[in-house]
Amino acid sequence: NQLALLTDTSTRTFKQQFVATYGDELQGEAFELRLQWCVERFDMVNTIAKKYNFPTALILATWFMESSCRMANPENGDGLFQIISSHYEPGPINDAQLEQEIEDFIQFSRKKWDRYHKSNPDRQITLTHKKRDIESLESQGALYNSVGTKITAWPIKATNEYYNR
């Protein structure tokens with residue numbers, strides 16, 4: 001069992017909670033394969049998340065939703081995290097490229113937060129490797145999905161009702 005390979009108890013517990021929380025939502029014919037792709041790179045993603053003090057689950061959930069945790073960039077050139085302001089060569093990637101795209105996702109997210117904070121200094125997105133609150137997670141989702149920065153609602157809601165269900 002890959003979950004038992006880790007020696008860090010808190011990381012192992014978090015990994016198990018991630019699978020338990022998101023496992024039922026990851027459905028379809030290729031469920032086991034797609035979930036396995038996420039689990040295979042968990043340790044690497046968690047190491048990067050710790051380095052940048054960013055939530056591991058947010059990276060994994062976004063990677064899964066945007067590209068099913070594949071180790072290949074899609075044909076549209078927007079990369080694993082579908083960052084349309086960047087170009088990534090379509091096709092298979094290696095661990096170094098995955099690490100770079102995760103770092104790009106973290107930087108992209110934090111730039112969105114900074115722009116929002118400039119207009120709304122009393123409302124802060126407070127996501128860290130260990131700290132996650134629902135308002136910050138909702139706001140991250142809305143900002144990630146290109147909601148403008150001149151919004152004063154808290155938490156930020158996406159303009160497309162699909163994301164507010």
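Residues numbered from 1 in each chain as written. Predicted model: local features only at pLDDT ≥ 70, side-chain atom pairs only at ≥ 80, totals over all residues. Heavy atoms only, no water.

Which parts of the structure should I look at to understand the overall build of the protein?
When you go through the protein residue by residue, the secondary structure sums to 6 helices and 2 strands. If you list the helices and strands of the protein from N to C, you get α-α-α-α-β-β-α-α. Out of the 165 residues in the protein, the part that is buried amounts to 42%. Of the contacts formed within the protein by residues at least 6 apart in sequence, a portion of 48% connects residues at least 24 apart. Total accessible area on the protein stands at roughly 9,400 Å², and carbon and sulfur atoms take up 50% of it. (Helix = DSSP H or I, 4+ residues; strand = E, 2+ residues; numbered from the N terminus. Buried < 20%, exposed > 50% of the residue type's maximum accessible area, 1.4 Å probe, protein only. Contact = heavy atoms within 4.5 Å. Areas by Shrake-Rupley, 256 points an atom, 1.4 Å probe, with all protein chains shown as cover.)

Explain the pattern of salt bridges here, please?
Oppositely charged side chains can pair when the atoms bearing their charge come close. Counted under the stated rule, the structure contains 2 salt bridges. Its salt-bridge partner being D95, residue R41 comes within 3.0 Å of it at the nearest N-O pair. You can see R41 sitting in the loop between α2 (31-40) and α3 (42-52) and its partner D95 sitting in helix α5 (residues 95-119), a full 54 residues away along the chain. Notably, a salt bridge pairs E103 with K51, separated by 4.0 Å at the nearest N-O pair. Residue E103 is located in helix α5, and its partner K51 is located in helix α3; the two are separated by 52 residues in the primary sequence. What makes E103 buried here is its relative accessible area of 11%. (Salt bridge = Lys/Arg side-chain N within 4 Å of Asp/Glu carboxyl O.)

Which parts of the structure should I look at to understand helix α6 (residues 134-144)?
Owing to its 3.6 residues per turn, the α-helix brings residues three or four apart onto one side. Considered for burial, the residues of α6 that qualify are S136, S139, Q140, A142, L143 and Y144. Those residues of α6 that are buried are in contact with α4 (56-67) and α5.

Is there a simple way to think about the side chain of K112 in this case?
In this fold, K112 is placed in helix α5. Nearest to the buried, unbridged K112 among oppositely charged side chains is E66, at 11 Å. A polar contact of 3.2 Å, which involves the side chain of K112, links it to the backbone oxygen of L143. (Lys, Arg positive; Asp, Glu negative; His and termini not counted. Polar contact = N/O pair within 3.5 Å; in protein donor to acceptor, adjacent residues only side chain to side chain.)

Please explain the packing of aromatic side chains as it appears in this structure.
Two measures describe an aromatic ring pair: the distance that separates the ring centres and the angle between the ring planes. Taken as a whole and assessed by the stated rule, the structure comprises 5 aromatic pairs. Consider the rings of F54 and F105, whose centres lie 5.8 Å apart with planes at 80°: the pair is edge-to-face. A residue pair is termed long-range when its members are at least 10 positions apart, and F54 in the loop between α3 and α4 and F105 in helix α5 qualify at 51 residues. We classify F54 as buried; its relative accessible area is 0%. F105 gets classed as buried once you look at its relative accessible area, which sits at 0%. Judged by centre distance (4.6 Å) and plane angle (10°), the rings of F81 and F105 are stacked. Within this pair, whereas F81 is found in the loop between β1 (72-73) and β2 (91-92), its partner F105 is found in helix α5, the two being separated by 24 residues in sequence. (Phe/Tyr/Trp six-rings, centres within 6.5 Å; stacked < 30°, edge-to-face > 60°.)

Is there a simple way to explain the confidence of the model for the protein in this structure?
Detailed reading of the predicted coordinates is not advisable wherever pLDDT is low. This prediction gives the protein a mean pLDDT of 80; 72% of its residues lie at or above 70. When pLDDT is averaged over each helix and strand of the protein, the minimum, 69, is found for helix α1 (residues 9-22) and the maximum, 97, for β2. (pLDDT = per-residue confidence, 0-100.)

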